[in-house]
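Examining the three-dimensional arrangement
The residues making up each chain are set out below.
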Amino acid sequence: MNLIILAVIVLRTLLVSPVSSLDIDLGKSVIWGPGLGETTLPVRYFFVQLVNNAGENVTESQDIKLDIQLVGQPKNQRNAENCRYSLEQFDAGDGSIVVRYRIPQECRGVSIHVMYKGQHLGDSPYSIPSPIFPEICSCPLEIDEFRNVYKCPERHPQIEEDMSTFSGINYTHVQEKMLEKFSTDNPGSLAICQYVVLSGELFRRCFGKHVGFTMFMDATLLSILRKVKLPDFEIFVNLGDWPVSRKGGRSRTQGPWPVFSWCGSSDSFDIVMPTYDITESTLEAMNRVSLDIISVQKSATKWADKIPKAFFRGRDANRERLKSVELSRRNPELLDSAITNFFFFRDEEDTYGPKSPRVSFFDFFKYKFQINIDGTVAGYRFPYLLAGNSVVLKQDSPYYEHFYSQLKPMVHYIPFRRNLSDLIEKIHWAKSHDTTVRKIAQNARAFVRENLLPTHIFCYHVLLFEQWHQLTRLHKVSVASDMEKVPKPEESSSCSCDRKVQRDEL
Ligand SMILES: *[C@@H]1O[C@H](CO)[C@@H](O)[C@H](O)[C@H]1NC(C)=O
Ligand SMILES: *[C@@H]1O[C@H](CO)[C@@H](O)[C@H](O)[C@H]1NC(C)=O
Ligand SMILES: *[C@@H]1O[C@H](CO)[C@@H](O)[C@H](O)[C@H]1NC(C)=O
């Protein structure tokens with residue numbers, strides 16, 4: 001009997017005793033992110049930065065698992081049951097922990113408890129005054145409210161640059177010309193769809209044979225329309241790889257055309273949107289997609305344990321990728337590069353093959369240096385490489401995604417020449433400047449957390465479409481007779497959208 005009581009006392013002491021083995025001040029640790037507020041996202045997320053007893057940020061993994069719980073009532077509450085949710089936490093390897101969760105149903109009176117060994121971290125528990133909705137709910141906010149809730153920036157340099165090309169155009173006229181051209185061009189070489197947003201509904205018609213990627217664009221636009229009341233607008237979207245609005249001497253009315261693309265280039269005027277890749281992984285995280293901008297931040301390998309070599313795996317989409325294989329064979333102590341699939345240069349498989357087995361993207365980060373070489377156009381893996389706590393060496397390229405103009409060479413990545421002539425020299429340099437390159441890896445991840453997370457991707461689209469609406473406001477948006485309506489998912493209308501907190505629930 002006494003033994004049992006003793007055991008209970010010992011156990012209780014163990015449970016509530018301060019975290020003595022670890023040098024962490026749980027109360028001073030910092031927790032932030034949209035997953036603690038009312039933002040509607042496919043996957044809600046927040047970050048935990050551990051702080052030590054001296055009040056400094058912890059910079060190495062502490063190998064701890066937090067006890068995190070969401071407490072709240074489902075919309076149609078029965079028997080005091082709790083909201084269902086699925087939650088994951090990732091050790092980011094740098095003293096921070098990434099937490100994310102999905103909710104399948106509307107949930108009210110939510111509080112989020114972040115604890116370790118029975119003690120709360122930061123200001124936990126965090127309560128969310130407004131109900132939270134699953135992403136499928138169509139509960140659009142007024143645009144100003146949206147900006148507030150999602151903490152959108154006022155402006156974006158790339159949007160300003162892209163819009164400035166077309167300021168002052170008569171869009172009605174340009175549109176007529178574009179329709180004329182796209183209706184008569186060879187459909188085999190076209191991958192263009194015209195989208196119309198009118199009173200919150202989505203319509204489109206396509207020109208060309210290669211328009212399978214409408215599924216990404218449809219999903220993106222529908223998801224945005226569920227979150228925010230966009231003004232009416234119309235766009236032509238290029239669903240192909242290459243930018244289409246070539247720079248050249250022609251006048252405004254014959255081009256360049258304002259076409260929205262996922263990839264921009266220095267010799268075109270395409271208006272860039274976040275790529276289908278990063279948007280798709282934003283929408284399908286913790287669902288169909290396993291690699292996304294949050295999950296890629298789990299860093300199993302400590303900086304000091306990373307293999308001090310540069311690493312590349314990918315298909316043969318570009319001749320320089322083959323060249324990197326050649327360099328790798330001559331400098332195996334610096335570079336490990338191989339092709340995973342031959343398609344474009346099949347006849348050279350004997351020289352650059354055999355093809356290498358696929359390596360999980362998460363395992364790339366066992367290596368300290370990551371090589372980003374263009375594929376057909378910009379390598380859409382770049383955002384993920386920047387997030388992985390390794391250093392990215394990036395090939396110079398005329399191609400860019402929506403965020404490249406905010407990046408600085410030698411601050412966020414190490415550049416190398418397009419023809420790879422200085423790549424080996426750059427890897428050499430990186431290997432012998434560990435403190436500097438580690439800082440670059442940290443800056444890159446910080447950039448991702450400030451610019452490339454799901455809220456940023458939604459904000460970019462909204463800012464872009466709003467500014468485009470402004471620029472073309474004299475044009476009367478209408479739905480042509482041969483456009484089809486893109487249907488909203490059925491479940492989207494089954495939500496209450498009631499953001500007010502009921503009195504009796506307070
Ligand atoms: C500690 O981390 C938090 C969260 O990333 C950050 O806001 C803060 O500036 C950091 N403090 C220092 C001294 O680096
Ligand atoms: C713009 O173009 C349309 C169609 O070509 C034309 O009818 C209209 O008058 C033009 N508007 C202005 C302000 O020039
Ligand atoms: C690689 O490109 C640089 C210019 O960026 C040029 O000076 C050099 O000659 C090129 N090297 C090869 C091997 O083509």
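Remember, it's a predicted structure, so these values are computed and weren't measured experimentally.

Structural notes on the overall build of the protein chain
Scanning the protein chain for helices and strands turns up twelve helices and 21 strands. Taking 506 residues into account, the globule formula puts the C-alpha radius of gyration at 23 Å, and the protein chain, at 25 Å, falls close to it. A buried classification covers 39% of the 506 residues belonging to the protein chain. Within the protein chain, contacts between residues separated by at least 24 positions form 65% of all contacts whose residues are at least 6 apart in sequence.

Examining the nonpolar core
Among the nonpolar cores identified, the biggest contains 117 residues, and V48, Y195, V237, I293, A310, V391 and L393 are the most heavily contacted of them. When residues of this core are assigned to their parent elements, the largest contribution, seven residues, is made by helix α12 (residues 454-471).

So, unusual backbone geometry
Leaving glycine aside, a negative phi is the common case for residues, and trans is the common case for peptide bonds. S124 connects to P125 through a cis peptide bond whose omega is 0 degrees. A cis amide bond links G353 with the next residue in sequence, P354, at an omega value of 0 degrees. Inspection of the secondary structure assignment puts P354 in the loop between α8 (349-352) and β17 (367-372). Positive phi outside glycine occurs at N389, with the angle close to 65 degrees. Along the polypeptide, N389 turns up in the loop between α9 (382-387) and β18 (391-395). Located in the positive-phi region is C497, a residue other than glycine, with phi close to 60 degrees. Inspection of the secondary structure assignment puts C497 in the segment after β21 (484-485). A tally of 13 C-beta atoms within 10 Å means that C497 is categorised as partly exposed.

Quick word on the sheet that holds strand β15 (residues 307-315)
Taken in spatial order, the five strands make up an open sheet running β16-β15-β17-β18-β20, and their pairing is parallel. A strand with exactly one partner marks an edge of an open sheet, and here the two such strands are β16 (335-341) and β20 (414-416). Taken pair by pair, the neighbouring strands of this sheet meet at an average axis angle of 25 degrees, ignoring direction. Relative to β17, β15 runs parallel, the two being bridged by three bridges. Bridge pairing in β17 links F311 to Q370. Sheet strands touched by helix α7 (residues 319-330): β15, β16, β17 and β18. Its angle to β16, the strand with the most contacts, is close to 135 degrees.

A few points about the packing of helix α5 (residues 214-227) against helix α6 (residues 276-284)
With their axes 10 Å apart at the nearest point, α5 and α6 run at an angle of 55 degrees to one another. Relative to α6, the element α5 lies oblique. When the axes of α5 and α6 are compared, the crossing they make is left-handed. Residues F216, A219, T220 and S223 of α5 form the contact with α6, whose participating residues are Y276, T279, E280 and L283. Grouping the amino acids of the contact of α5 with α6 by side-chain chemistry returns four nonpolar, three polar and one charged.

Thoughts on the sheet that holds strand β2 (residues 44-49)
With antiparallel pairing, the four strands of this open sheet are ordered in space as β1-β2-β5-β4. Each edge of the open sheet is held by one strand with a lone partner, namely β1 (30-32) and β4 (86-91). Pairs of neighbouring strands in the sheet enclose a mean axial angle of 15 degrees, with direction left out of account. Inspection of the sheet shows β2 paired to strand β5 (residues 96-102) by six bridges, in the antiparallel sense. The partner of Q49 across the bridge, within β5, is S96.

So, the domain arrangement of the protein chain
By a widespread convention, an interface's size corresponds to the accessible area lost as its parts come together. The domain architecture assigned to the protein chain consists of domain 1 (24-138), domain 2 (157-282 + 455-485) and domain 3 (295-452). The C-alpha-based centres of domain 1 and domain 2 are spaced at 37 Å. Contact residues are listed per partner, giving seven residues for domain 1 and four residues for domain 2. Residues belonging to the side of domain 1 that touches domain 2 are distributed by class as follows: four nonpolar, three polar and no charged.

Examining helix α10 (residues 423-431)
Of the positions making up α10, those classed as buried are L423, I427 and A430. Relative to the axis of α10, the buried residues are bounded by an arc of 60 degrees and lie together on one face.

Here we look at the site of ligand 2
Around ligand 2, the neighbouring residues are N170, T172, H173 and E176. Here the shell around ligand 2 is composed, by residue class, of no nonpolar, three polar and one charged.

Considering the packing of helix α3 (residues 157-166) against α12
Packing of α3 against α12 leaves a shortest axis separation of 11 Å and a crossing angle of 20 degrees. Classified by the angle their axes make, α3 and α12 are roughly parallel. Crossing hand, α3 versus α12: right-handed. In contact with I159, M163 and F166 of α3, α12 contributes L463, L464, Q467 and L471.

A word on the confidence of the model for the protein chain
Model confidence for the protein chain is summarised by a mean pLDDT of 91, while 93% of its residues fall at 70 or above. For residues 12-20, every residue scores under 50 in pLDDT, and the model assigns this stretch seven contacts once sequence neighbours within four places are set aside.

Considerations on the environment of G72
Mapped onto the elements of the fold, G72 is located in strand β3 (residues 67-74). Residue classification places G72 among the buried residues on the basis of 21 C-beta atoms within 10 Å. Residues G72 and I112, 40 residues apart in the sequence, show an inter-C-alpha distance of 8.8 Å. Setting aside residues up to four positions removed in sequence, G72 forms contacts with N82, C83, C107, R108, G109, V110 and S111.

Notes on α12
Helical geometry note: an α-helix holds 3.6 residues per turn, so side chains three or four residues apart project in the same direction. Counted at 1.5 Å a residue, the expected span for α12 with its 18 residues is 26 Å, and the 26 Å between its end C-alpha atoms agrees. When α12 is considered as a whole, its buried residues turn out to be P454, H456, I457, F458, C459, Y460, H461, L464, F465 and W468. Contacts made by the buried residues of α12 are with α3, α5, β11 (233-238), α6 and α11 (434-451).

Definitions and cut-offs
Residues numbered from 1 in each chain as written. Chains lettered and ligands numbered in written order. Predicted model: local features only at pLDDT ≥ 70, side-chain atom pairs only at ≥ 80, totals over all residues. Helix = DSSP H or I, 4+ residues; strand = E, 2+ residues; numbered from the N terminus. Rg over C-alpha atoms; globule rule 2.2 N^0.38 Å. Buried ≥ 20, exposed ≤ 12 C-beta atoms within 10 Å, placed from the backbone. Contact = placed C-beta atoms within 7 Å. Core = buried A, V, L, I, M, F, W, Y, C linked by C-beta atoms within 7 Å. Pairing = 2+ DSSP bridges. Axes fitted to C-alpha atoms, helices over the stretch in contact; angles between N-to-C directions. Parallel < 35°, antiparallel > 145°, perpendicular 65-115°, else oblique. Left-handed = near helix turned anticlockwise from the far one by under 90°. Nonpolar A, V, L, I, M, F, W, Y, C, P; charged D, E, K, R; others polar. Domains from an automatic or database assignment. Arc of directions from axis to C-beta. Near = placed C-beta within 6 Å. pLDDT = per-residue confidence, 0-100. Expected span 1.5 Å × (residues − 1).

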